[in-house]
Each structure stands twice: as C-alpha cells, then as structure tokens.
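Residue-level structure breakdown
Okay, here's what each chain looks like letter by letter:
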Amino acid sequence: MILIKTPEEIESMRLSCRLAAQTLRMIAPHVQPGVTTDQLNTLCHQFILDHGATPSPLNYRPTPRNPQGFPKSICTSVNHQVCHGIPSQRILREGDIINVDVTVYLNGFHGDTSRTFFVGPPTSRNKKLVQVAEECLSVGIAAAQPGGYFGDIGAAIEQHARQQHCSVVREYCGHGIGRSFHEEPAVLHYGTRERGAKLLPGMIFTIEPMINQGRAEVKLMPDQWTVVTKDHSLSAQFEHTVLITPEGNEILTVS
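Residue indices begin from 1 for each chain and proceed along its sequence in written order. Restriction of local features to residues with pLDDT of at least 70 applies here, the model being predicted, together with a cutoff of 80 or more for giving and counting side-chain atom pairs; totals for whole chains, interfaces and linings are based on all residues. Here the side-chain values reflect all heavy atoms present in the structure, with hydrogen atoms and water set aside.

Considering the packing of aromatic side chains
The aromatic pairing rule takes the rings of Phe, Tyr and Trp, using the six-membered ring of Trp, and pairs them if the centres are within 6.5 Å, calling planes under 30 degrees apart stacked, those over 60 edge-to-face and the rest tilted. Scanning the entire structure with this criterion turns up three aromatic pairs. In this scheme, the term charge over a ring applies when either NZ of a lysine or CZ of an arginine sits within 6 Å of the ring centre and within 35 degrees of the ring normal. Lying over the aromatic face of Tyr-190, Arg-170 brings its terminal NZ or CZ to 3.9 Å of the ring centre.

Have a look at this one:
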C-alpha cells in the first residue's frame with residue numbers, strides 16, 4: 001500500500017529532508033584528495049547528531065551474516081561502486097568520483113538524498129557521466145506529476161540515459177519514505193509510460209537513478225552491501241526525496 005501523507009506528516013518530512021540536504025551541503029567542501037571515506041562518515045555522523053537526529057543507515061537491516069546491519073552512518077560509493085559503499089580507510093584521489101548518500105531520522109521521519117562529487121578537477125572520463133546522471137534525476141522529477149504514473153518516471157530516465165549512451169541500473173531503485181526508511185512503492189528508473197500505480201498528491205518517495213558509463217549489469221560484493229559494475233565502468237547517482245502536490249511536485253531535499 002502506498003501511503004498518502006497528511007499535512008502534518010508532510011511538514012515533519014520537510015524538516016528531516018531539509019536536514020539531510022544540509023548534511024550533504026556541509027560535507028561538500030570536505031570531499032578532497034587525501035581524505036578517507038571514513039573521515040567523511042565521521043563528519044556527517046556528528047553533524048546529524050548535533051542537529052537532534054540520527055543517521056538512518058547505521059545498523060540498518062541486520063542479517064545472520066551481518067548481525068550489526070549496515071556499519072556506518074552514510075554510504076560512500078567511489079568510481080565503479082554503484083551504491084551502498086561502506087566508508088573505510090580508502091583515500092580519495094584526484095580524478096575519483098564519489099556518491100555520498102545521506103539519510104537522517106528526525107522526529108519520527110526519514111529524509112534521503114545523495115549526490116556525486118568530483119574529487120579534485122573533473123576529468124574528461126567522468127565529467128560527462130556525472131552530468132548525465134544529474135540530468136536523469138531532473139527528467140525523472142519532471143515526469144512525476146499528479147495524475148501520471150510511476151512508469152512515466154522510469155521511462156523518462158531510461159530514455160535520457162540511452163540517448164546519452166549510458167545505461168540504467170535495474171536491480172536497485174527509489175522507494176517510498178516516511179516513518180519507515182523504505183516504504184512502498186519501488187520507484188523503478190526504467191519502464192513504460194502510463195504503467196504502474198497512479199501518482200497522487202501526498203505521496204512521498206525518492207528518485208535516485210544509478211547511471212553507468214558502460215553496461216547496466218552489477219554485482220554484490222562479499223561484504224553483502226557494496227554494489228559494483230560488472231564491467232568495472234564508472235557509475236554515478238543523484239537522489240532527491242519528492243512530494244507529489246496537487247499542482248505538480250516539490251523537492252523536499254533542497255537545502
């Protein structure tokens with residue numbers, strides 16, 4: 001069931017989403033050559049706590065193989081890592097790209113956003129991909145209109161990626177969000193227009209296309225979290241939490 005948020009819930013989500021966006025803005029100047037991804041994690045973790053919230057990924061979804069769940073407070077996915085990269089002692093180097101994915105839990109609600117950063121000046125190899133990934137998010141948001149369908153979002157993203165000779169990851173997608181980190185529906189980044197559930201005012205969900213420079217196929221690493229491209233090509237991602245309104249939509253994760 002896709003939940004329709006009440007006006008009170010929407011106001012609460014504006015606050016959690018705003019803090020997620022502020023965290024991402026705070027960390028931006030720290031994404032530099034020589035910095036470790038764990039240092040980025042520490043800075044974000046403390047910033048979130050200092051603002052009265054908790055990081056949603058920390059200890060998320062424990063399993064028998066990973067009883068503590070996700071071990072860090074943010075996800076950091078570098079170069080060919082697609083998503084869910086675990087912060088570590090890995091040192092960022094000039095020419096890398098890194099997606100920093102931030103989700104916070106504030107006053108009973110989650111807010112989720114991410115962006116891909118250049119480490120140092122962008123290279124010709126990665127500049128185009130990051131631009132296409134950001135454009136894919138923009139066209140997906142533009143397609144999210146009341147009375148439309150979730151398939152409209154995926155179709156717009158997939159069409160733009162293909163036109164730019166990039167591929168869309170299919171195994172991972174956007175999601176509803178609110179009192180739970182992940183709610184219905186699954187928001188696919190590919191599909192057919194006028195298919196899927198209808199978009200109604202009060203729905204809140206993430207759009208977060210993962211765009212590969214090479215083939216779309218991915219694989220899960222032995223840590224059971226980090227996802228990488230099978231062909232070792234670069235991957236980039238941007239994400240916003242979006243509210244459907246009677247007039248159109250509102251991006252909640254704008255700082």
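Now that the structure has been shown, the text picks up again.
Concerning the nonpolar core
With 26 residues, the main nonpolar core has Leu-129, Phe-150, Ile-153, Phe-205, Ile-207 and Ile-211 as its most contacted residues. Counting from the N terminus, the helices are the DSSP runs of H or I reaching at least four residues and the strands are the DSSP runs of E reaching at least two. Among the elements of the structure, helix H3 (124-143), helix H4 (150-163), strand S9 (204-207) and strand S14 (240-244) are those that each provide at least two residues to this core. No other element matches the seven residues that H3 contributes to this core. Residue contacts are defined here by distance: any two heavy atoms, one from each residue, within 4.5 Å place the two residues in contact. Setting aside residues no more than four positions away along its own chain, Phe-150 makes contact with Ile-2, Pro-185, Val-187, Arg-195, Ala-197, Lys-198, Leu-199, Met-203 and Phe-205. As used in this record, nonpolar core signifies buried Ala, Val, Leu, Ile, Met, Phe, Trp, Tyr and Cys residues forming a set joined through side-chain atoms within 4.5 Å. Each residue is placed in one exposure class: buried if its accessible area under a 1.4 Å probe, protein chains only, is under 20% of its type's maximum, exposed if it is over 50%, and partly exposed if it falls in between. Counting residues in hydrophobic clusters, the runner-up holds 22 residues, among them Met-26, Ile-27, Cys-44 and Leu-92.

Observations regarding the packing of H3 against H4
The angle between the axes and the distance between the axes are what describe a pair of packed helices. Only the stretch in contact is used when fitting a helix axis, every axis being a line fitted to C-alpha atoms; angles between N-to-C directions are given from 0 to 180 degrees. Between H3 and H4, the shortest axis-to-axis distance is 8 Å and the interhelical angle comes to 150°. In terms of their interaxial angle, H3 and H4 are classed as roughly antiparallel. As for how H3 packs across H4, the hand of that crossing is right-handed. Packed against H3, whose contacting residues are Val-132, Glu-135, Cys-136, Val-139, Gly-140 and Ala-143, the element H4 presents Asp-152, Ile-153, Ala-156, Ile-157, His-160 and Ala-161 at the interface. Classifying every residue of the contact of H3 with H4 by side-chain character gives eight nonpolar, two polar and two charged. Any angle from 65 to 115 degrees is called roughly perpendicular, while one under 35 is roughly parallel, one over 145 is roughly antiparallel, and all others are oblique. Crossing handedness is defined as follows: a turn of the near helix away from the far one that is anticlockwise and smaller than a right angle gives a left-handed crossing, while the clockwise case is right-handed. The classification used treats Ala, Val, Leu, Ile, Met, Phe, Trp, Tyr, Cys and Pro as nonpolar, Asp, Glu, Lys and Arg as charged, and all other residues, Gly among them, as polar.

Quick notes on the sheet that holds strand S12 (residues 227-229)
If you trace the three strands from one edge of the open sheet to the other, you get S3-S12-S11, paired in antiparallel fashion. What marks the edges here is a single partner per strand, and that holds for strand S3 (81-83) and strand S11 (218-220). Sheet twist, expressed as the average angle between the axes of neighbouring strands with direction ignored, equals 40°. Paired strands are those between which DSSP finds at least two bridges. Here S3 pairs with S12 via two bridges, running antiparallel. Residue pairing in the sheet places Gln-81 in a bridge with Val-228 of S12.

What about the environment of Thr-192?
Tracing the backbone through its elements, the reader meets Thr-192 in the loop between strand S8 (183-187) and S9. By relative accessible area, which is 44% here, Thr-192 ends up partly exposed. In this view, Thr-192 contacts Gly-151, Asp-152 and Ala-155; residues no more than four positions away in its chain are not counted.

Some thoughts on the pairing of strand S2 (residues 75-78)
The alternating pattern of S2 places Cys-75 and Ser-77 and Thr-76 and Val-78 on opposite faces, both of which are buried. Alignment of S2 against strand S4 (residues 97-106), held across four bridges, turns out to be antiparallel. For Ser-77, the partnering residue across the bridge sits in S4 and is Asn-99.

A few points about the layout of surface pockets
If a probe the size of a water molecule is rolled over the atoms, the empty space left behind becomes visible. Grid points spaced at 1 Å over the protein atoms alone were grouped into cavities, where a 1.4 Å probe fits but cannot get out, and pockets, open sets with protein on both sides within 12 Å along at least five of seven lines, with lining residues defined by an atom within 4 Å of a point. Grid points are joined across faces, edges and corners, and a volume is the space filled by probe spheres set on the points. Empty space within the largest pocket amounts to approximately 660 Å³. Contributing to the lining of the largest pocket are 32 residues, with Tyr-60, Arg-61, His-84, Tyr-172 and His-182 lying nearest its centre. Secondary-structure elements contributing two or more residues to the lining of the largest pocket are S4, strand S7 (174-176) and S8. Residue contributions to the lining of the largest pocket peak at four residues, all from S8. Residue composition of the lining of the largest pocket, by class: 15 nonpolar, nine polar and eight charged. Roughly 260 Å³ of internal volume is contained in the second largest pocket. Lining the second largest pocket are 16 residues, and of these Leu-24, Thr-113, Arg-115, His-240 and Thr-253 sit closest to its centre. If you list the elements that add at least two residues to the lining of the second largest pocket, you get helix H1 (7-27), strand S5 (109-118) and H3. Top contributing element to the lining of the second largest pocket by residue count: H3, with four residues. Among the residues making up the lining of the second largest pocket, the classes are represented as six nonpolar, six polar and four charged.

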